[in-house]
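The residues making up each chain are set out below.
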Amino acid sequence: MDDEEARTRLLDAAEALFYAEGIQAVGMDRIRTESGVPLKRLYKVFPAKEALVAAYLERRDRRWMASLRDAVEAAPGDPVGAVFEWLAAWFAEPGFRGCAFLNAFGELGAGPAGVLDVVRRHKAELRSLLAGAVAGAGREDLADQLVILVEGATAVAALTPGPEPAHHAGAAATTLLAAATTTA
């Protein structure tokens, strides 16, 4: 097994376990066991748990944002609606446990710095995507308001999984956008 295969196996195990059970609840020995990667190779690839957590979140960010971006680009006439439809599908997935980034922040707080940086970059990228979706509305604050709707819907769905929180937040976004275009 080379380092790239070990990295993939470790990240697969970390993502499944950290998302389902929490970062603090899962030790490196459990990651090693689940991945089948020898301990020496694990620490060669990821010298510390912080590095593994940051890599797990970075990989998740790339996949999550690419999928959301694809949904928005596929609906040029209603990019904001596409965001909430995408969220509805995500919230209904088996094993949905909310936002991995907010879950990580909730567990680890302001440290370790490498993990916090990934969380902040992910949220900034989400805001940027939403800003692009409402760029024609002429109101800079709309992106921030949509972030709150997205994050709120995600938190509610973590407690009561299913598409309804996304549908409710999407309806609120529609109302918000309608009000913004009449006052712009």
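Scroll up to find the structure.
Conventions used here
Residues numbered from 1 in each chain as written. Predicted model: local features only at pLDDT ≥ 70, side-chain atom pairs only at ≥ 80, totals over all residues. Heavy atoms only, no water. Helix = DSSP H or I, 4+ residues; strand = E, 2+ residues; numbered from the N terminus. Contact = heavy atoms within 4.5 Å. Areas by Shrake-Rupley, 256 points an atom, 1.4 Å probe, with all protein chains shown as cover. Salt bridge = Lys/Arg side-chain N within 4 Å of Asp/Glu carboxyl O. Buried < 20%, exposed > 50% of the residue type's maximum accessible area, 1.4 Å probe, protein only. Expected span 1.5 Å × (residues − 1). Arc of directions from axis to C-beta. Polar contact = N/O pair within 3.5 Å; in protein donor to acceptor, adjacent residues only side chain to side chain.

Topic: the overall build of the chain
Reasoning step 1: Check the secondary structure of the chain and you find nine helices and zero strands.
Reasoning step 2: Going from the N terminus to the C terminus, the chain shows its helices and strands as α-α-α-α-α-α-α-α-α.
Reasoning step 3: In the chain, the share of contacts with a sequence separation of at least 24, taken over all contacts with a separation of at least 6, comes to 68%.
Reasoning step 4: For the chain, the accessible area works out to roughly 9100 Å², and carbon and sulfur atoms hold 58% of it.

A word on the pattern of salt bridges
Reasoning step 1: Evaluation of the coordinates by the stated rule reveals 14 salt bridges.
Reasoning step 2: Residues Glu5 and Arg9 are paired through a salt bridge, measuring 3.2 Å at the closest nitrogen-oxygen approach. In this pair, Glu5 and Arg9 are both assigned in helix H1 (residues 3–21), four residues apart and thus about one turn of the helix distant.
Reasoning step 3: Classification of Glu5 by relative accessible area gives partly exposed; the value is 39%.
Reasoning step 4: Its salt-bridge partner being Arg60, residue Glu15 comes within 2.8 Å of it at the nearest N-O pair. Taken together, the residues Glu15 in helix H1 and Arg60 in helix H4 (residues 49–73) connect sequence positions 45 residues apart. Note on accessibility: Glu15 and Arg60 belong to one class, buried.

Points about helix H7 (residues 113–133)
Reasoning step 1: If you check H7, its first and last C-alpha atoms are 30 Å apart, about what 21 residues at 1.5 Å a residue would give, namely 30 Å.
Reasoning step 2: Residues Val115, Leu116, Val118, Val119, His122, Lys123, Leu126, Leu129, Leu130 and Ala133 constitute the buried set of H7. Along the long axis of H7, the arc covered by the buried residues comes to 165 degrees, so they all point the same way. Across from the buried face of H7, at angles greater than 90 degrees, the exposed residues are Ala113, Arg120 and Gly132.
Reasoning step 3: On its buried face, H7 sits against H4, helix H5 (79–91), helix H6 (100–108) and helix H8 (141–159).

Comments concerning unusual backbone geometry
Reasoning step 1: Across the junction of Gly111 and Pro112, the peptide omega takes the value 0 degrees, indicating a cis bond.
Reasoning step 2: Along the polypeptide, Pro112 turns up in the loop between H6 and H7.

Quick notes on the side chain of Lys123
Reasoning step 1: Of note, Lys123 is situated in helix H7.
Reasoning step 2: The exposure class assigned to Lys123 is buried, which follows from its relative accessible area of 18%.
Reasoning step 3: A polar side-chain atom of Lys123 sits 2.7 Å from a polar atom in the side chain of Glu151.
Reasoning step 4: Beyond its immediate chain neighbours, meaning those up to four positions away, Lys123 contacts Cys99, Phe101, Leu102 and Glu151.

These values are about where atoms sit, not about what they do.
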